Each structure stands twice: as structure tokens, then as C-alpha cells.
Amino acid sequence: MKSRIEKYFINKRFTFFGGIKKGQPDGIGIRFLKDTCVEIGRFKKGVIEGHGRMIFGKKHIFIGQFYQGVMDKKGFFFNGENQSWFMFNEGNLLFFKYS
């Protein structure tokens, strides 16, 4: 079965490119939110789920796990304002680097 890629808008809050099921993002895709946030990954029932990326403006990036649209337990966070890196596992801070 082939998945369909199409452009999707909802409530003028975001633009989504990727799989759509029952009128909402579902499958691999990219969502551009109006507040300059970009989410890239797998979506389930309209929210990012599992491994993905979130880019906040031009300065902050999270790469890791999402659960029901929320950053969860494992991942890397880069703070572009002070050039610092954070690494998390099971919700605990494992590594911190400040430039």
C-alpha cells in the first residue's frame, strides 16, 4: 500500500507535509508551526511520536524521543544562544557542554 503525501492545514496554526489519516497528520512528515517551530519525524494521531527533531526558531534544536508530542526521556538539546549541549537518557542529564 502506497502512502499519500499531501499538504495539510488545520486552524491556520501549521502546515504539514506527509502522511494523513482521518484528517490529521499520521506517518512520516514535517510540520511547520506558525510560531517558527518545525517538527520532523513520525506523527501519530496528529502529534509527533517516537524519534524525531524539533527546531525552535534559528537557535535551538532537540533530537530525540517524543511521547504524545512532548520531548521525552532520551535525546540531545542544543541551545544556540550560549552554544551549550545537553544529553538526556531516561529523563536524567548525562552530559552538559558549555562553549
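On a predicted model such as this, the values are computed, not experimentally measured, just so you know.

Asker: Looking at this structure, how should I read the nonpolar core?
Answerer: Nonpolar side chains in soluble globular proteins tend to end up buried together. Among the nonpolar cores identified, the biggest contains 8 residues, and these are Phe14, Phe16, Cys37, Phe43, Ile48, Met54, Phe62 and Phe66. Of all the elements in the fold, those that place two or more residues in this core are β2 (14-21), β4 (37-44), β5 (47-56) and β6 (60-67). In contact with Phe62, other than residues within four places in its own chain, are Gly52, Arg53, Met54, Phe56, Met71, Lys74, Gly75, Phe76 and Phe77.

Asker: In this structure, what is going on with the side chain of Ser84? I would like to understand it.
Answerer: Within the secondary structure, Ser84 sits in strand β8 (residues 84-89). Of the polar contacts made by the side chain of Ser84, one reaches the side chain of Asn82; its length is 2.6 Å. In contact with Ser84, not counting residues within four places along its chain, are Phe77, Phe78, Asn79, Phe96, Lys97 and Tyr98.

Asker: Help me understand the side chain of Glu39, please; the structure alone is not making it clear to me.
Answerer: Structurally, the position occupied by Glu39 is in strand β4. Of note is the side chain of Glu39, whose polar atom sits 2.7 Å from the side chain of Arg31.

Asker: Sorry if this is basic, but what is going on with the pattern of salt bridges here?
Answerer: Side chains bearing opposite charge may pair, as long as their charged atoms lie close to each other. Using the criterion set out here, one finds 1 salt bridge in the structure. The salt bridge partner of Arg31 is Glu39, with a shortest N-O separation of 2.7 Å. Pair check on accessibility: Arg31 and Glu39 agree, each one buried.

Analysis parameters
Residues numbered from 1 in each chain as written. Predicted model: local features only at pLDDT ≥ 70, side-chain atom pairs only at ≥ 80, totals over all residues. Heavy atoms only, no water. Core = buried A, V, L, I, M, F, W, Y, C linked by side-chain atoms within 4.5 Å. Buried < 20%, exposed > 50% of the residue type's maximum accessible area, 1.4 Å probe, protein only. Helix = DSSP H or I, 4+ residues; strand = E, 2+ residues; numbered from the N terminus. Contact = heavy atoms within 4.5 Å. Polar contact = N/O pair within 3.5 Å; in protein donor to acceptor, adjacent residues only side chain to side chain. Salt bridge = Lys/Arg side-chain N within 4 Å of Asp/Glu carboxyl O.

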